[in-house]
Amino acid sequence: MATHPASHPASHAHPADFPPVVPQLLHVVLDARDVRGEAEFWRMLLGLAYRPGDEAPEDGDDDTDWLVLTHPDGRRALAVQEVEQLTPSRWPEPGHPSVSHLDTTVPSRSALDAVHDLVLELGGELRLDRTDDPEEPLRAYASPEGHVFCVFVA
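Here's what I pulled together on the structure shown here. Just so it is clear, the model here is predicted, and its values are computed rather than measured.

## Observations regarding the sheet that holds strand β4 (residues 76-82)
Argument step 1. The strand order across the open sheet built from 4 strands is β1-β4-β3-β2, with neighbouring strands paired in mixed fashion. Looking at the sheet topology across the chains shown, the edges are occupied by β1 (28-32) and β2 (49-50).
Argument step 2. As paired strands, strand β3 (residues 66-70) and β4 are joined by 5 bridges and run antiparallel to one another. From the neighbouring strand, Leu69 faces β4, where its bridge partner is Leu78.

Structure follows, in structure tokens:
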């Protein structure tokens, strides 16, 4: 009897068990000390909307600890949750990986430059400039709460 090396659990499933149940990504959740400020950054940058009921209160008293941002058609995109502390990202410093980051694209180099101005205006910070790369010009940024994201031409 042959022994088989450990392999992916799905390789042991019976063909009748397929197709398997596949989890669907609902949204990405970002931590923030200032939930509304971080949500506003992403809302303005990505053209998102608040989930109904998550809009800023008219009386100015905003103690929200969880917000959901959606695409204009209502599909969820991002959520922002309150945390007491958030260790600042030091990426791209050597020894400090980004752990995870968001990738966004624009159609042209001129759009990349326009988005650069918008990111800075909204309070983002430039972390890496690779606009001189002829194959894939990009810039990497951190949001006001330090979440790393890239904008590249694709």
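## Things to note about the nonpolar core
Argument step 1. In terms of nonpolar packing, the biggest core is built from 23 residues, with Trp42, Leu45, Leu69, Val106, Val119, Phe149 and Val151 touching the most fellow members.
Argument step 2. Mapped by element, the contributors of at least two residues to this core are β1, α1 (35-46), β3, β4, α2 (109-121) and β8 (148-153).
Argument step 3. The residues touching Phe149, leaving out its near neighbours within four places in the chain, are Phe41, Trp42, Leu45, His101, Leu102, Val119, Arg139, Ala140, Tyr141, Ala142 and Ser143.
Argument step 4. Leu138, Ala140, Val148 and Phe152 belong to the second-largest nonpolar core, a separate cluster that totals 6 residues.

## Focus on the pattern of salt bridges
Argument step 1. Scanning the model with the defined rule gives 12 salt bridges in all.
Argument step 2. Of the charged contacts in the structure, one is a salt bridge between Arg43 and Glu40, with a shortest N-O distance of 2.7 Å. Residue Arg43 and its partner Glu40 are located together in helix α1, separated by 3 residues, close to a single helical turn.
Argument step 3. The network of salt bridges with common partners includes Arg109, Asp113, Asp129 and Arg139.

## Some words on the side chain of His147
Argument step 1. Along the chain, His147 turns up in the loop between β7 (138-142) and β8.
Argument step 2. Leaving out residues up to four positions away in the same chain, His147 has contacts with Leu30, Asp31, Glu38, Trp42, Leu86, Tyr141 and Ala142.

## Topic: α2
Argument step 1. Between its first and last C-alpha atoms α2 spans 19 Å; for 13 residues at 1.5 Å apiece the expected length is 18 Å, and the two agree.
Argument step 2. Within α2, the full set of buried residues consists of Ala111, Leu112, Val115, His116 and Val119. Seen from one end, α2 has its buried residues packed into an arc of 150 degrees, which puts them on one side. Those residues of α2 that are exposed and angled more than 90 degrees off the buried face are Ser110, Asp117 and Glu121.
Argument step 3. Looking at the buried side of α2, the elements it contacts are α1, β5 (102-106), β6 (125-130), β7 and β8.

## Topic: the pairing of β8
Argument step 1. Among the 6 residues of β8, 6 are classified as buried, and the element is accordingly described as predominantly covered.
Argument step 2. Of the two faces of β8, both are covered, the one formed by Val148, Cys150 and Phe152 as well as the one formed by Phe149, Val151 and Val153.
Argument step 3. Here 5 bridges tie β5 to β8, and the two strands are oriented parallel to one another. What sits directly across from Leu102, in β8, is Phe149.

About the criteria used
- Residues numbered from 1 in each chain as written.
- Predicted model: local features only at pLDDT ≥ 70, side-chain atom pairs only at ≥ 80, totals over all residues.
- Heavy atoms only, no water.
- Pairing = 2+ DSSP bridges.
- Helix = DSSP H or I, 4+ residues; strand = E, 2+ residues; numbered from the N terminus.
- Core = buried A, V, L, I, M, F, W, Y, C linked by side-chain atoms within 4.5 Å.
- Buried < 20%, exposed > 50% of the residue type's maximum accessible area, 1.4 Å probe, protein only.
- Contact = heavy atoms within 4.5 Å.
- Salt bridge = Lys/Arg side-chain N within 4 Å of Asp/Glu carboxyl O.
- Expected span 1.5 Å × (residues − 1).
- Arc of directions from axis to C-beta.

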